[in-house]
Amino acid sequence: MTNARFVSPDEIRSAFSAAMSAMYRDEVPAYGTLMSLVAQVNEETLANDPALKERLAATDSLARISEERHGAIRLGTPAELAMMRRAFAVMGMFPVGYYDLSTAGVPVHSTAFRPIEDESLKRNPFRVFTSLLRLDLIADEQLRAEAAAVLAERRIFTDGAISLVEKAESEGGLTEPDARKFVAEVLETFRWHDRAIVSADMYKRLHDAHRLIADVVSFKGPHINHLTPRTLDIDSVQDRMPAHGIAPKAVVEGPPTRKCPILLRQTSFKALEEPVSFIGEDGEWKKGSHTARFGEIEQRGLALTPKGRGLYDKLLNDTRALVRPAADGSNSAEYVAALAQVFQAFPDDWNEIRKAGLGYFRYSLTAKGEAAAGYKTDLETAIAEGFVQFDPIVYEDFLPVSAAGIFQSNLGDDATQEFTASPNQVMFERDLGASVLDEFAHYAAIERASIEACLSVVDLAMA
Ligand code: OOG
Ligand code: NI
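What you see is a predicted model; the values in this text were computed from it and never measured.

Before going further, it helps to examine the sheet that holds strand β6 (residues 226-229). Ordered in space as β2-β3-β4-β1-β6, the 5 strands form an open sheet in which the pairing is mixed. At either end of the open sheet lies a strand with only one pairing partner, and these are β2 (94-100) and β6. On average, each strand axis in the sheet is tilted by 20° relative to the strand beside it, whichever way the strands run. Relative to β6, strand β1 (residues 69-75) is paired through 4 bridges, and the arrangement is antiparallel. The residue bridging R69 from the neighbouring strand is P229, located in β6. Set on the sheet, helix α5 (residues 78-90) makes contact with β1, β2, β3 (108-114) and β4 (127-133); between it and β1 the angle comes to about 155°. Along the sheet, helix α19 (residues 425-432) makes contact with β2, β3 and β4, crossing β2 at roughly 145°.

What follows is the structure, given as structure tokens:
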């Protein structure tokens, strides 16, 4: 459905991601500092590892890294979520995966809006982790009703944004001037507002129920709460953060440092306490503060198969049974050591990982494979004989335990609360107005298509 009159969704997403980054840099200067640090570390990593640089360039993945980032927002109502889905669709971003954070004591469930086609990911992989508040998990019935009433009144999208979404839907795209206007209008939804839409008293009651509820309900819109650049060496950025005046959280979330990075490793710096004012009795604004926005960095590795993910989850649980990382960082050295020890059970060699069926890989013909005429063999022999090569498929999604760790570190360490685990994907998808894509099926399809592109050499009937 390409139409020359229209700007491609990939272009709109790139423009939006750039506009969001510029806005957040103005709003949270530490984000700018982190971006420069990440750019510097990435440059050094590539200079020190020519093989990595070569593979990234050969798979068209080098250019995207310096532009790569994800953001996160927290929405209040089903209608907001449904409209957000429509707005992201105009930018070529679709809901992938379902994350239940209630198990981790955070009353939300979430999805990630992101590009899904390979070409789109290469053009710009911008994603937004999007959570919906679950008032159903709040015990206090009166507070729940009050919060719902406040949320029902607010409008998080401008009229201009809504009409451009409708126009894009009915006409099949946006022209250049409309696309520019769309980016500016939708950006407004993510802007920080330092004037709350509730009184100080109500804010306190919401905050006492859960800090996250106060963050969602008290403001005009779902301010972007972090933007995360992608680094090629998260340990190095973590180590250097203090020298740049940034205090990182105690431990890096996710797998340990490895030769072959898998899934996702993340770390963040604590949320800033920012001045806000609340609605006063007599039309006066009452000064106060709010803590929600923070900074995060991530390193992305191989996408794992269900088998690999099962092993990852088991090893992470085993580690946490040995040492549970304390929020104050007092046992972080023990945790890091236990993690490294336990994860020795996860192979750290691309070919071993591949042969064990733990990860997804993209196969391609080598120059020798391209030149081989009429020779056919099975996939493993083709690899062993140098006709076919493979590269890890990057994990484009998120991890619930890691997300929970990030939520908790920026909500404050006292925010941990018990909720009964109650995943409700059916309710989430009903509110979203669409189903979420199953990320495993998607990675498997990419892998399969790459093997099919090697059929001039590979005979799948031979084993
Ligand atoms: C989202 C936290 C999750 C991640 O990178 O896992 C997240 C939030 O704090 O709203 O962004
Ligand atoms: Ni994040």
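Following the structure, the description resumes.
Here we come to the site of ligand 1. Around ligand 1 lies a shell formed by A72, R74, F129, S131, N225, Q266, E296, F398, S402, A403, I406 and F407. Considering each element in turn, the shell around ligand 1 owes the most residues, 4 residues, to helix α18 (residues 400-411). Residues of the shell around ligand 1, tallied by class, amount to 6 nonpolar, 4 polar and 2 charged.

For the pair helix α1 (residues 9-27) and helix α9 (residues 176-189), the least separation of the axes is 10 Å and the interaxial angle reads 40°. Considered as vectors, α1 and α9 are oriented oblique to each other. Every pair of crossing elements has a handedness; the one defined by α1 and α9 is right-handed. Residue-level contacts link I12, A15, F16, A19, M20 and M23 of α1 to A179, F182, V183, V186 and L187 of α9. When grouped by side-chain class, the residues that make up the contact of α1 with α9 number 11 nonpolar, no polar and no charged.

Turning next to the nonpolar core. The biggest cluster of nonpolar side chains holds 112 residues, and the ones touching the most others in it are I12, I213 and A403. Per-element accounting of this core gives the leading share, 6 residues, to α5. Among residues more than four places away in sequence, those in contact with I12 are V7, V90, M91, L174, A179, F182 and V183.

The strands making up a sheet are joined through hydrogen bonds of the backbone, oriented either antiparallel or parallel. Strands sit in the order β5-β8-β9 across an open sheet of 3 strands; the sheet is mixed. Looking at which strands have only one partner, the edges of the open sheet turn out to be β5 (195-199) and β9 (285-291). Recorded for the sheet is a direction-independent mean angle of 45° between the axes of neighbouring strands. Of the strand pairs in this sheet, β5 and strand β8 (residues 273-279) are connected by 2 bridges, and their pairing is parallel. In the strand pairing of β8, R195 is matched with S277. Relative to the sheet, helix α10 (residues 200-209) contacts β5, β8 and β9, its axis offset from that of β5 by approximately 85°.

Moving on, we come to the environment of E43. Relative to the helices and strands, E43 is located in helix α2 (residues 29-48). On a C-alpha basis, the gap between E43 and A200 in space is 47 Å, while along the polypeptide they are 157 residues apart.

We now examine the confidence of the model for the protein. Counting all residues, the mean pLDDT for the protein is 92, and 97% of those residues have values of 70 or more. Model confidence for the complex is summarised by a pTM of 0.93, with the ipTM given as 0.99.

Now for the pairing of β4. Most of β4 is tucked away, with 7 of its 7 residues classed as buried. Residue alternation in β4 divides its side chains into two sets, R127, F129, S131 and L133 and V128, T130 and L132, and both sets are buried. By the bridge criterion, 6 bridges tie β1 to β4 in an arrangement that is parallel. Bridge pairing in β4 links I73 to T130. Sheet analysis places β3 next to β4, joined by 6 bridges and oriented antiparallel. Bridge assignment links F113 to a residue of β4, and that residue is V128.

Analysis parameters
- Residues numbered from 1 in each chain as written.
- Chains lettered and ligands numbered in written order.
- Predicted model: local features only at pLDDT ≥ 70, side-chain atom pairs only at ≥ 80, totals over all residues.
- Pairing = 2+ DSSP bridges.
- Helix = DSSP H or I, 4+ residues; strand = E, 2+ residues; numbered from the N terminus.
- Axes fitted to C-alpha atoms, helices over the stretch in contact; angles between N-to-C directions.
- Contact = placed C-beta atoms within 7 Å.
- Near = placed C-beta within 6 Å.
- Nonpolar A, V, L, I, M, F, W, Y, C, P; charged D, E, K, R; others polar.
- Parallel < 35°, antiparallel > 145°, perpendicular 65-115°, else oblique.
- Left-handed = near helix turned anticlockwise from the far one by under 90°.
- Core = buried A, V, L, I, M, F, W, Y, C linked by C-beta atoms within 7 Å.
- Buried ≥ 20, exposed ≤ 12 C-beta atoms within 10 Å, placed from the backbone.
- pLDDT = per-residue confidence, 0-100.

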